[in-house]
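These are the residues of each chain, in order.
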Number of protein chains: 2
Amino acid sequence: MLNPADAAFAETLASRLPEGTLRAPDAAHLEEPRGRWQGHGGILALPRSTAEVQTIVQICAAARVGIVPWGGGTGLVGGQIMPQGPAPVILSLERMQALRGLWPDENALIVEAGMTLAGVQQAADAAGRMFPLSLASEGSARIGGCLATNAGGIGVLRHGNARDLCLGVEAVMADGSLLAGLKRLRKDNTGYDLRHLLIGSEGTLGIITAAALRMVPRPAVSVTALLVVPDPAAALRLLTLAQARLPGMISAFELIGKMGFDFLAETMPEVTCPFPTAPEWCVLLDLGLPSAFEAEAVMASLYAEADEAGLVQDGVIAASEAQRKSLWRIRETIPEANRRIGAISSHDIALPLSAVPEFIPKADAALARIGAFRVNCFGHLGDGNLHYNVFPIPGRTRRDHEAQRDAIKASVHDLVHAMGGSVSAEHGIGRLKVADLERYGDPTKLAAMRAVKAALDPMGILNPGAVLRA
Amino acid sequence: MLNPADAAFAETLASRLPEGTLRAPDAAHLEEPRGRWQGHGGILALPRSTAEVQTIVQICAAARVGIVPWGGGTGLVGGQIMPQGPAPVILSLERMQALRGLWPDENALIVEAGMTLAGVQQAADAAGRMFPLSLASEGSARIGGCLATNAGGIGVLRHGNARDLCLGVEAVMADGSLLAGLKRLRKDNTGYDLRHLLIGSEGTLGIITAAALRMVPRPAVSVTALLVVPDPAAALRLLTLAQARLPGMISAFELIGKMGFDFLAETMPEVTCPFPTAPEWCVLLDLGLPSAFEAEAVMASLYAEADEAGLVQDGVIAASEAQRKSLWRIRETIPEANRRIGAISSHDIALPLSAVPEFIPKADAALARIGAFRVNCFGHLGDGNLHYNVFPIPGRTRRDHEAQRDAIKASVHDLVHAMGGSVSAEHGIGRLKVADLERYGDPTKLAAMRAVKAALDPMGILNPGAVLRA
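These numbers come from a predicted model, not from an experiment.

(A) Geometry of the interface of chain A and chain B. With 79 residues of chain A at the contact, the number on the chain B side is 79 residues. With both sides pooled, the region where chain A packs onto chain B buries about 6200 Å², and carbon together with sulfur makes up 59% of that total. The largest share of the area that chain A buries against chain B comes from Lys 187, Asn 189 and Tyr 192 of chain A, three residues that together contribute 17% of it. In this structure, Lys 187 of chain B engages Glu 426 of chain A in a salt bridge whose closest nitrogen and oxygen atoms are separated by 2.9 Å. On the surface where chain A and chain B come into contact, there are 38 residue pairs in polar contact (both at pLDDT 80 or more). If you list the elements that add at least two residues to the side of chain A that touches chain B, you get β9 (178-181), α6 (194-198), α7 (232-245) and α14 (443-456) of chain A. Per element, the largest residue contribution to the side of chain A that touches chain B is 9 residues, and it comes from α14 of chain A. In the side of chain A that touches chain B, the residues fall into 34 nonpolar, 27 polar and 18 charged.

(B) Quick peek at the pairing of strand β8 (residues 166-172) of chain B. Residues and elements named next belong to chain B. Along β8, 7 of the 7 residues are buried, which leaves the element largely enclosed by surrounding structure. Direction of pairing for β8 relative to strand β10 (residues 207-214): antiparallel, over a ladder of 6 bridges. For Gly 168, the partnering residue across the bridge sits in β10 and is Ala 212. In the sheet, β8 pairs with strand β9 (residues 178-181) via 4 bridges, with the strands oriented antiparallel. Across the sheet, Glu 170 pairs through a bridge with Ala 180, a residue of β9. Here β8 hands over to β9 after 5 residues, with Gly 176 in that stretch at a positive phi of 90°.

(C) Spatial organisation of the sheet that holds β9 of chain A. Residue and element names in this part refer to chain A. Taken in spatial order, the 5 strands make up an open sheet running β5-β6-β10-β8-β9, and their pairing is antiparallel. Each of the sheet's edge strands pairs with one partner strand only, and the pair in question is β5 (99-103) and β9. The sheet shows a mean angle of 15° between the axes of neighbouring strands, direction not considered. The strands touched by helix α2 (residues 50-63) within the sheet are β5, β8 (166-172), β9 and β10 (207-214), with β8 carrying the most contacts at an inclination of about 50°.

(D) Quick peek at the packing of helix α1 (residues 7-15) of chain B against helix α2 (residues 50-63) of chain B. Residue and element names in this part refer to chain B. The geometry of α1 relative to α2 is characterised by a closest axis approach of 10 Å and an angle of 145° between their N-to-C directions. Like other packed secondary-structure pairs, α1 and α2 cross with a definite hand, here right-handed. The segment α1 lies against α2, with Phe 9, Thr 12 and Leu 13 engaging Ile 56, Ile 59, Cys 60 and Ala 63.

(E) Inspection of the nonpolar core at higher detail. Counting residues in hydrophobic clusters, the biggest one holds 106 residues, and the most contacted among them are Phe 359, Leu 386 and Tyr 388 of chain A together with Phe 359, Leu 386 and Tyr 388 of chain B. In this structure, Val 120, Ile 208 and Leu 456 of chain A together with Leu 456 of chain B belong to the second largest nonpolar core, which totals 86 residues.

(F) Representation of the UniProt feature "domain: FAD-binding PCMH-type" (unreviewed entry) in chain A within the structure. As recorded in UniProt, the sites labelled "domain: FAD-binding PCMH-type" (unreviewed entry) are residues 30-218 of chain A. Across residues 30-218 of chain A one finds 21% helix and 23% strand; the C-alpha atoms that close the span lie 38 Å apart.

(G) View of helix α11 (residues 356-368) of chain B. Residue and element names in this part refer to chain B. The terminal C-alpha atoms of α11, which comprises 13 residues, lie 19 Å apart, in line with the 18 Å expected from a rise of 1.5 Å per residue. Of the residues making up α11, those classed as buried are Val 356, Phe 359, Ile 360, Ala 363, Ala 366 and Leu 367. For α11, the buried positions fall inside an angular range of 140° around the axis, keeping them on one side.

Procedures and definitions
Residues numbered from 1 in each chain as written. Chains lettered and ligands numbered in written order. Predicted model: local features only at pLDDT ≥ 70, side-chain atom pairs only at ≥ 80, totals over all residues. Heavy atoms only, no water. Contact = heavy atoms within 4.5 Å. Buried area = accessible area lost by both parts, 1.4 Å probe. Salt bridge = Lys/Arg side-chain N within 4 Å of Asp/Glu carboxyl O. Polar contact = N/O pair within 3.5 Å; in protein donor to acceptor, adjacent residues only side chain to side chain. Helix = DSSP H or I, 4+ residues; strand = E, 2+ residues; numbered from the N terminus. Nonpolar A, V, L, I, M, F, W, Y, C, P; charged D, E, K, R; others polar. Buried < 20%, exposed > 50% of the residue type's maximum accessible area, 1.4 Å probe, protein only. Pairing = 2+ DSSP bridges. Axes fitted to C-alpha atoms, helices over the stretch in contact; angles between N-to-C directions. Left-handed = near helix turned anticlockwise from the far one by under 90°. Core = buried A, V, L, I, M, F, W, Y, C linked by side-chain atoms within 4.5 Å. UniProt positions renumbered as here; feature names shortened; annotations may be inferred. Expected span 1.5 Å × (residues − 1). Arc of directions from axis to C-beta.

As structure tokens, then:
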């Protein structure tokens, strides 16, 4: 059993740390974006260095006090919020934002965990390179949290998930020891890959304090198009065609359904649809090309070929940076429109690519057996990652459907699982999906996870109750 | 303590398996390519299915008998050879070669662990795709072993190591339980990434029986050039230039030193140098381009730009597939020439890219303090991965230098470590580098590795003595 971070413990901790390292948690550190839970915590710790993180963890370990690592607070599954149990120390790395080094010719940089994702992007940009991880909350999300949750977003198709962009990590383990793993190597087969074990473990196995990250060359030219497709199956054939013509140059391939446009019209009419009527399905396609290419011509040629094959019905190719931004704005504002409508249940799912076209109507049909809903299905189609979110019909609110939420979620997740998919594509398990992991996870995987957790954090002080039941 | 796989145990095992599953180990299963060690083993097990692998592991676990997983026997660090200790079961998956499924539009396939790497490449090729892992021993190496060792090779710069090409694994854990992880998803954040933990663990945490793998589109056109560079620093500037002009299109960037040509002239004169005199340093550059490019023109233009910048001094651009093959043959036959000369000590090292130019003269100078040697330094420069191999001068043999081998190795590895590098870039730890891992490995990493090993294989039956001391 863990002990609470009470006043006596706070005194012990304070005596070992520089003044100003501790304070009472702000409201912001006890909330999460979806407003489902309220966290609690006895102390907010704001270390300035890895050594201070080690001290905090050592003292927590000695006193058996839980630690909730806090990045930017943008997680959507409650990994940063502990609503019950003995009050933990909330450990925010927001003061650790240093750029420790940048090697443009190596396409590598080393940053501390508290730097925001946007900060990392800017550091790469200033060196004429690109850090291609990109997601809606990049202004607030911190790179430590992005790695702890193996964040995804819109750049995964081309450049991989957060883990694929990480060369090494520095981390504080549950006993306060320091894992010094900041090597910036492309090949290093010296024992078990603890970097990949820590990445995606959501702060339950160690606290990432710094990371060596990969950058990539910036594309010389980019071009964006919004393409109307007959259906998701055609969208996937378009993806195959584009990959054959332009391998490794497709920067984003996002699916947008009619409901996305309807929600925008309802809640944010200033974001307009470029077509006379909102299409049933369209794809936001982004190409990043080397200088040898004339970007608009390449996109036009791809469009012509797709048209020939019956894969597109209409389309807009951005002719200026302003047009490009306005096309992206549609995709980027859909989550905000969703928030304004108010989802009954949101599902961050992944499917084998070829199962996507079959999944959507099946999921719709299964939902219809529960009741009448609106579904906004959109997302990172190139990765097989859909946000299949369920909303009330006009005139009703999410509160009218509280009693149905579990049935809705089970209906979607059961189908995803039966089709070989994942019930958490990019958001992680946090505390929201612990039961889902138990229900759908491979039993051998769960047993191995519990054994690894017990081996590396025997007292269970690191993010108690996240990923695995405390 | 483990028990030997003796006659009584063989009987127990045989009684639970189909006839013909067990036999005495062949000589081939007890050798390793460098001839440094002779393995021993009581029984060779040749299961035909994952269920049979489970049965074998369960019985070994019950009897505390060690298991040495055996792929294609091509490993260079003795991971497949147990020279001492209680005789183990040698477990070869060579009968498990099924292609379980292939989804061209998903760029994914699922194969059993016993398929050779060349077999996987052929399966992808037959579907109009490419499996880009490529290494000298691909005709014999099996995909299970390639994943267990996180194999590298010549395609890493563009497509990553073996782990980066794996979407999921099926594996038998130390208690015989089955990890069913063959999902073919691009995003799946449901708990700890056991796939990445098993990959690179060299059979010490579980036995990979099948894998879901990524394919990539085949480049429409390819072009190869052998470019003479003033020195390794210029080679790296050439890499930066090529990456800026042709991001994501550089399929290989291999360094060849003069000693490589000298060794070829000495041992395999039929492999000729295309330049009048063997250059001090050259780079084998391979581009894989989409159909919009005229490959030779692209290479010629890159050459012109590099020439302008003083980065190249001479070069040959292959004008035919036959010329392309003959350029590649130089690179591919260097390991065989090395074998014929007979290395005193071979070093598979990685460095931060920008440290490479400084490393080479420093390592040469440190060696010169030990004695007079010939060094063949070549390899995957684009990954910072050098094979820095040390040979006797003409008239001497490796045997004359037996007593110096440890000092040579320490001299090279100490320098690599001091410069932030890795003492095993792509070959792994096996049994050859256990002491190196202890010497150079981060202590916290080693402690965590031991804890994970104890958690997942508490009796230590999986590949005893590999990676970690038994």
